[in-house]
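Read off the chains here:
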Amino acid sequence: MRNILTTAKITILVCIRNGTFWAILSLITGIASFIFVISTSDNTILNELQIRIQYSYSLTYSLLTLIIISLSCFTIRSQIDGRQIHMLTSFPIRRRDIWLGKWLGLVIIALISEIILIFSIAICAHFYSRTYPLDDVNLARDFYKIIKYEVKPTVPDFNKLTGDRIRKLISEKKIDSESVDEEIWKKNYEVLRRSEQLIKPGGEKTWSFDLKRRPQKGEFIDFKFRMYAEKRRRSIQGTWILSAEGKSESFTHEFECYPYSFTTINIPLSQIPNSGKFQMTLKGKNKSDIIISFNSGITLFYQDGSIIYNLVKIVIAHLIHMSVSVAVGLTAGVAFSFSVASFLSITLYFLSASSGYFSSIVNDLLEGYHISIIDQISALLISSAMWLAKGLQAPDAISKLSSGISIPISELIIHWLPAISVYGVVTCLLGMCILTRKELDRFI
């Protein structure tokens, strides 16, 4: 452990003395401030801050990741080519300790850079807010002071419903099983999706929520909804009813709102059952069809701590991501020349950044009633190739932070942490193994 800490200290001191450390901090601060200043929204303080924070943080963090990967490649590769590693290996130090020490030192540099990035954006947000009236500043301060957890209603499995619908149509001999292709599948999918979101004049619809348990903080839950209608200037009236199993009394709230705009009602926390499971039913008084989207039509928010709690979560998540990025850069630098290692690492990073696009391709290939063998093989190959870049995929946390929404730890643990943990461990072991078996004496 002593050798690892000494190597980490030397790595940090070298980066400080050659100016790399200060250059990274200056570049991160300058770019974050520049993006914050040039970003713009609708001159409303909350919308402006959300857009500016999200753009400056996400773009600068992406650049920081690329810098850390390149720095990791250059640090280990330059010392191999310059034969400094040969001098270290002449001492009674295990090569894996050298690799781990450099990894630890670079991770500390990445952590300091991440903290500086957050402070830079916070300072920009502070001075920008002072250009608005005091009432707007207090509104923004209250908005970000207490973060809220976001909960969406339970969404039906439209793929399963589409399959059931097509099988029913086939059994009723309305369509031929051999004629079912991607176009017919998507057509029935859209029919079901629209029917689930459509509310006829004077109709009603129910959405189910599962909070796991009753929230413990605050006095109210914010119920936010938005409706779509053909006529924007005609108001929509109706009643929201909260009901739950075993609950004799129901919470009701009458509303009047305009289409395409968000409306929020406060539900007393006492109305939420201990199990956290309940239903929200809309009884409309609408005179025309209205649509409520599953993605952005209905959302619940409840208090989940302070912004410091959110910042701690995002720093820890980004620290894990940066640790894996450093491991990838070091491993590539040990195995290949600097140019090849940099190209490989950056390519893997861009593949991870575009993983959403490739995932949509896989979903499109697997959607349908009849899936050909070629489509199945193609989806398998794409999914397998995406595993190579899975570990460099950044956590989906910046948009939550900029919107004052609590970063969902449970979702990160389930959907993000296992893959990046396995990827990071394998990469570290591979890097240490390559350095241990590398015949450095040949370069003497």
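This section reports on the structure supplied with the text.

What counts, and at which threshold
Every chain is numbered independently, its residues counted from 1 as its sequence is written. Selection of residues for local features in this predicted model requires a pLDDT of at least 70, selection of side-chain atom pairs for listing and counting requires 80 or more, and totals for whole chains, interfaces and linings are taken over all residues. Think of the side-chain values as coming from all heavy atoms in the structure, minus any hydrogens and water. Working definition: helices are DSSP H or I runs of at least four residues, strands are E runs of at least two. Numbering for both runs from the N terminus. Burial classes follow relative accessibility: with a 1.4 Å probe on protein chains only, a residue under 20% of its type's maximum area counts as buried, one over 50% as exposed, and anything between as partly exposed. We call two residues in contact when some of their heavy atoms are within 4.5 Å. Accessible surface area values rest on a Shrake-Rupley calculation with a 1.4 Å probe, where residue burial reflects the displayed protein chains alone. What counts as an axis is a line fitted to C-alpha atoms, over the stretch in contact for a helix, and the angles between N-to-C directions run from 0 to 180 degrees. Here the angle decides the label: under 35 degrees means roughly parallel, over 145 means roughly antiparallel, 65 to 115 means roughly perpendicular, and every other value means oblique. Two helices cross in a left-handed way if the nearer one is turned anticlockwise from the farther one by less than a right angle. They cross in a right-handed way if the turn is clockwise. We call a set of buried Ala, Val, Leu, Ile, Met, Phe, Trp, Tyr and Cys residues a nonpolar core when their side-chain atoms join them within 4.5 Å. Salt bridges are defined by distance alone: a side-chain nitrogen of Lys or Arg within 4 Å of a carboxyl oxygen of Asp or Glu. By definition, two strands form a pair when at least two bridges between them are found by DSSP. In this classification, the charged set is Asp, Glu, Lys and Arg, the nonpolar set is Ala, Val, Leu, Ile, Met, Phe, Trp, Tyr, Cys and Pro, and all remaining amino acids, among them Gly, are polar. Ring pairs are drawn from Phe, Tyr and Trp, using the six-membered ring of Trp, whenever the two centres fall within 6.5 Å, and their geometry is named by plane angle: stacked under 30 degrees, edge-to-face over 60, tilted for the rest.

A look at the overall build of the protein
Thought 1: In terms of helices and strands, the protein carries 14 helices and 11 strands.
Thought 2: Across the 444 residues of the protein, 43% fall into the buried class.
Thought 3: Across the protein, contacts joining residues at least 24 apart in sequence account for 82% of those joining residues at least 6 apart.
Thought 4: Accessible surface, the protein as shown: approximately 24,000 Å² in total, 59% of it carbon and sulfur.

Observations regarding the packing of helix H7 (residues 158-171) against helix H8 (residues 182-197)
Thought 1: Direction vectors running N to C along H7 and H8 enclose 115°, while the axes themselves pass 9 Å from each other. With respect to H8, the axis of H7 lies roughly perpendicular. Crossing of H7 over H8 shows right-handed handedness. Contact with H7, carried on its side by Phe158, Asn159, Leu161, Thr162, Gly163, Arg165, Ile166 and Leu169, involves Trp185, Asn188, Tyr189, Val191, Leu192, Arg193 and Glu196 of H8 and no other residues of that element.

Quick word on the nonpolar core
Thought 1: Grouped together as the largest cluster of nonpolar side chains are 63 residues, with contacts concentrated most on Phe36, Leu49, Tyr57, Trp99 and Ile314.
Thought 2: The greatest single-element share of this core, amounting to 14 residues, is contributed by helix H3 (residues 45-81).
Thought 3: Other than its neighbours up to four places away in sequence, phenylalanine 36 contacts Leu49, Arg52, Ile53, Ser56, Ile121, Cys124, Ala125 and Tyr128.

Some thoughts on the pattern of salt bridges
Thought 1: What the rule picks out here adds up to 10 salt bridges.
Thought 2: For lysine 152, the salt bridge goes to glutamate 150, with nearest N and O atoms at 3.9 Å.
Thought 3: For lysine 152, a relative accessible area of 36% corresponds to the partly exposed category.
Thought 4: A salt bridge links lysine 400 to glutamate 150; the nearest nitrogen and oxygen atoms lie 2.9 Å apart. Taken together, the residues span a long stretch of sequence, with lysine 400 in helix H13 (residues 398-402) and glutamate 150 in strand S1 (residues 146-151) at a distance of 250 residues.
Thought 5: When its relative accessible area of 22% is taken as the criterion, glutamate 150 is described as partly exposed.
Thought 6: One connected set of salt bridges, linked through shared partners, spans Glu150, Lys152 and Lys400.

Focus: the sheet that holds strand S9 (residues 277-284)
Thought 1: Ordered in space as S3-S9-S6-S7, the four strands form an open sheet in which the pairing is antiparallel. Two strands bound the open sheet, and with one partner strand each, they are strand S3 (204-210) and strand S7 (251-257). Each neighbouring strand pair of the sheet contributes to a mean axis angle of 20°, computed without reference to strand direction.
Thought 2: Pairing of strand S6 (residues 236-243) with S7 involves seven bridges; the strand directions are antiparallel. Residue pairing for S7: leucine 242 is matched across the bridge by phenylalanine 251.

Focus on the packing of helix H2 (residues 20-38) against H3
Thought 1: In the contact formed by H2 and H3, the axes pass within 8 Å of each other and the chain directions differ by 155°. Regarding the angle of H2 to H3, the classification is roughly antiparallel. Classified by chirality, the crossing of H3 by H2 is right-handed. Side by side, H2 and H3 meet where Thr20, Ile24, Leu27, Ile28, Ile31, Ala32, Ile35, Phe36 and Val37 of the first sit next to Leu49, Arg52, Ile53, Tyr55, Ser56, Leu59, Thr60, Leu63, Leu64, Ile67 and Leu71 of the second.
Thought 2: For the contact of H2 with H3, the residue count by class is 16 nonpolar, three polar and one charged.

Some thoughts on the packing of aromatic side chains
Thought 1: Scanning the model with the defined rule gives 14 aromatic pairs in all.
Thought 2: Here tyrosine 128 and tyrosine 132 contribute two aromatic rings whose centre-to-centre distance is 5.5 Å and whose plane-to-plane angle is 65°, an arrangement assigned as edge-to-face.
Thought 3: Relative accessible area serves as the criterion here: at 16%, tyrosine 128 is assigned to the buried category.
Thought 4: Exposure remark for tyrosine 132: the relative accessible area of 16% places this residue in the buried category.
Thought 5: Three or more aromatic residues joined by ring pairs make a cluster, and in this case those are Trp207, Phe209, Phe223, Phe225, Trp240, Phe255 and Phe278.

Here's the deal with the sheet that holds S1
Thought 1: The sheet built from four strands is open, its strands ordered S1-S11-S4-S8 with antiparallel pairing. Each of the sheet's edge strands pairs with one partner strand only, and the pair in question is S1 and strand S8 (263-268). The mean inter-strand angle of the sheet, taken between neighbouring strand axes irrespective of direction, is 35°.
Thought 2: As defined by bridge partners, strand S4 (residues 220-225) adjoins strand S11 (residues 298-306) across four bridges and the pair is classed as antiparallel. Within S11, the residue paired with aspartate 222 across the bridge is phenylalanine 301.
Thought 3: Here helix H6 (residues 134-145) sits on the sheet and contacts S1 and S11; the angle it forms with S1, its principal contact strand, is near 60°.

These values are about where atoms sit, not about what they do.
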